[in-house]
Amino acid sequence: MKKEIFLCAINNILSGTCLEDCKFCTQSVRYHADIERYNYKSIDTIVNEAKQAKANGALGYCLVTAGKGLDDKKVDFVARTAKAIKAEVQELNLIACNGTASIEQLRYLKEHGVDSYNHNLETSENYYKTICTTHSWAERYETCQNAKSVGLQLCTGGIFGMGEEAGDRDSLLDAIASLQPESTPLNFYHPNKALPIKARNISQEEALEIVKKARKLLGEDRLLMVAAGRELLFDGCEELMFEAGANSMVIGNYLTTVGDTPSKDREMLKRLGYGVAKTCHG
Ligand code: SF4
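Residues numbered from 1 in each chain as written. Predicted model: local features only at pLDDT ≥ 70, side-chain atom pairs only at ≥ 80, totals over all residues.

(A) The arrangement of the nonpolar core in detail. Counting residues in each nonpolar core, the largest one holds 80 residues, and the members touching the most others are Cys8, Tyr61, Leu63, Ala96, Val211, Met225 and Val226. Considering every element that reaches this core, the biggest residue donor is strand E1 (residues 4-14), with eight residues. Those residues within four positions of methionine 225 in sequence are excluded, and the remaining contacts are Cys8, Ser183, Thr184, Pro185, Leu186, Ala246, Ser248, Met249 and Val250. (Core = buried A, V, L, I, M, F, W, Y, C linked by C-beta atoms within 7 Å. Buried ≥ 20, exposed ≤ 12 C-beta atoms within 10 Å, placed from the backbone. Helix = DSSP H or I, 4+ residues; strand = E, 2+ residues; numbered from the N terminus. Contact = placed C-beta atoms within 7 Å.)

Structure below.
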């Protein structure tokens with residue numbers, strides 16, 4: 001058998017209600033993208049979905065909320081959700097993805113069972129000003145540092161193909177590596193007609209180059225995930241991304257786009273000769 005692949009599932013527990021202006025994001029209310037928008041899911045529903053994700057082979061489970069960052073209500077809800085999942089689902093690495101977060105908020109999440117914090121740098125510091133004007137890249141970097149400072153694992157990555165240049169891609173990868181994250185999601189822009197960024201400027205070859213560079217910079221022992229955009233760039237040739245250095249992927253749906261079914265993904269891995277990892281740090 002070839003290497004084992006780590007599977008991660010995403011639960012969008014508060015969707016589509018963000019006031020920020022990130023030009024790649026359908027969850028911003030500014031662009032009126034045709035997505036499902038809802039307030040908090042019930043904790044029972046989220047726990048049941050976590051059980052299903054675990055049954056599908058997920059080792060990581062990511063609780064995502066739309067919005068710029070944590071506030072008192074959100075931090076309380078995510079903490080109670082994390083505690084409820086940990087009480088009922090064993091050996092699931094819980095990741096919170098809730099935007100800008102202070103040291104106190106992150107410490108509170110950790111105390112309630114969150115293992116890891118996901119906050120993506122998205123693109124280079126220089127290009128960030130072009131894709132978002134309502135908050136800064138420096139703020140994103142600081143949240144990543146905050147997560148590490150309280151002992152949470154850090155999951156940080158970005159999105160490629162949003163009109164950036166090659167230098168921006170290298171700069172983003174260097175910035176990610178400087179944070180020494182345990183896990184890095186590489187997303188490839190998924191165009192949506194409602195969004196200001198209309199097209200994706202990345203080829204499969206360029207995406208593979210990014211995977212290779214990321215693996216080299218991050219080291220062999222880290223999780224490197226091909227996340228959003230996998231189906232657009234690697235459908236039917238996933239082996240290329242694993243050979244380039246990826247060892248993790250999302251199963252099920254993404255935040256606002258539909259992914260392949262988990263059984264189809266598991267069949268794909270089996271057909272290609274990859275195993276499904278059973279522990280996060282084995
Ligand atoms: S802050 Fe997050 S949820 Fe809001 S628009 Fe930006 S990426 Fe989307």
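(B) Highlighting the site of the ligand. The environment of the ligand is made up of Cys18, Glu20, Cys22, Cys25, Gln27, Ser28, Ala66, Gly67, Lys68 and Gly99. Considered class by class, the residues forming the shell around the ligand number four nonpolar, four polar and two charged. (Near = placed C-beta within 6 Å. Nonpolar A, V, L, I, M, F, W, Y, C, P; charged D, E, K, R; others polar.)

(C) Quick look at the environment of glutamate 122. Within the secondary structure layout, glutamate 122 lies in the loop between strand E4 (116-118) and helix H4 (125-131). When the C-alpha atoms of glutamate 122 and arginine 140 are compared, they prove to be 8.9 Å apart, with 18 residues separating the residues in sequence. In contact with glutamate 122, not counting residues within four places along its chain, are Tyr128, Arg140, Gly158 and Ile159.

(D) Structural context of the pairing of E1. Of all eleven residues in E1, ten are buried; the element is thus mostly enclosed. Alignment of E1 against strand E10 (residues 275-276), held across two bridges, turns out to be parallel. If you follow glutamate 4 over to E10, its bridge partner there is glycine 275. Relative to strand E9 (residues 248-251), E1 runs parallel, the two being bridged by four bridges. Note that in E9 the partner of cysteine 8 across the bridge is valine 250. Of the pairings in the sheet, the one linking E1 to strand E2 (residues 60-65) comprises six bridges and is parallel in character. Paired with alanine 9 across the bridge in E2 is tyrosine 61. Taking the sense of rotation as the criterion, the β-α-β connection linking E1, helix H1 (residues 43-55) and E2 turns out right-handed. (Pairing = 2+ DSSP bridges. Right-handed = clockwise from strand over helix to strand, strands pointing away.)

(E) Quick look at the packing of helix H6 (residues 166-178) against helix H7 (residues 204-218). Contact geometry for H6 and H7: axes closest at 10 Å, N-to-C directions at 30°. Relative to H7, the element H6 lies roughly parallel. In the crossing of H6 with H7, the sense of the turn from one axis to the other is right-handed. Here Arg169, Leu173 and Ala177 of H6 come into contact with H7, specifically with Ile210, Lys213, Ala214, Leu217 and Leu218. Residues belonging to the contact of H6 with H7 are distributed by class as follows: six nonpolar, no polar and two charged. (Axes fitted to C-alpha atoms, helices over the stretch in contact; angles between N-to-C directions. Parallel < 35°, antiparallel > 145°, perpendicular 65-115°, else oblique. Left-handed = near helix turned anticlockwise from the far one by under 90°.)

(F) Layout of helix H3 (residues 103-111). All buried positions along H3 are accounted for by Gln105, Leu106, Leu109 and Lys110. Projected down its long axis, H3 shows its buried positions confined to an angular sector of 140°, all on one face. Exposed side of H3, more than 90 degrees from the buried face: Glu104 and Glu111 are the residues found there. The inward-facing, buried residues of H3 abut helix H2 (72-88), strand E3 (93-97), E4 and helix H5 (137-149). (Arc of directions from axis to C-beta.)

(G) Molecular detail of the packing of H1 against H2. At a minimum axis distance of 9 Å, the contact between H1 and H2 shows a crossing angle of 45°. By the angle between their axes, H1 is oblique relative to H2. The way H1 lies across H2 gives a crossing that is right-handed. Residues Ile43, Ile46, Val47, Ala50 and Lys51 of H1 lie in contact with H2, whose contacting residues are Arg80, Thr81, Ala84, Ile85 and Glu88. Residue classes in the contact of H1 with H2 are distributed as six nonpolar, one polar and three charged.

(H) Inspection of unusual backbone geometry at higher detail. The phi angle at histidine 32 is positive, at roughly 55°, despite the residue not being glycine. Checked against the element boundaries, histidine 32 lands in the loop between E1 and H1. Located in the positive-phi region is glutamate 122, a residue other than glycine, with phi close to 70°. Residue glutamate 122 is classed as buried on the basis of its 23 C-beta neighbours within 10 Å.

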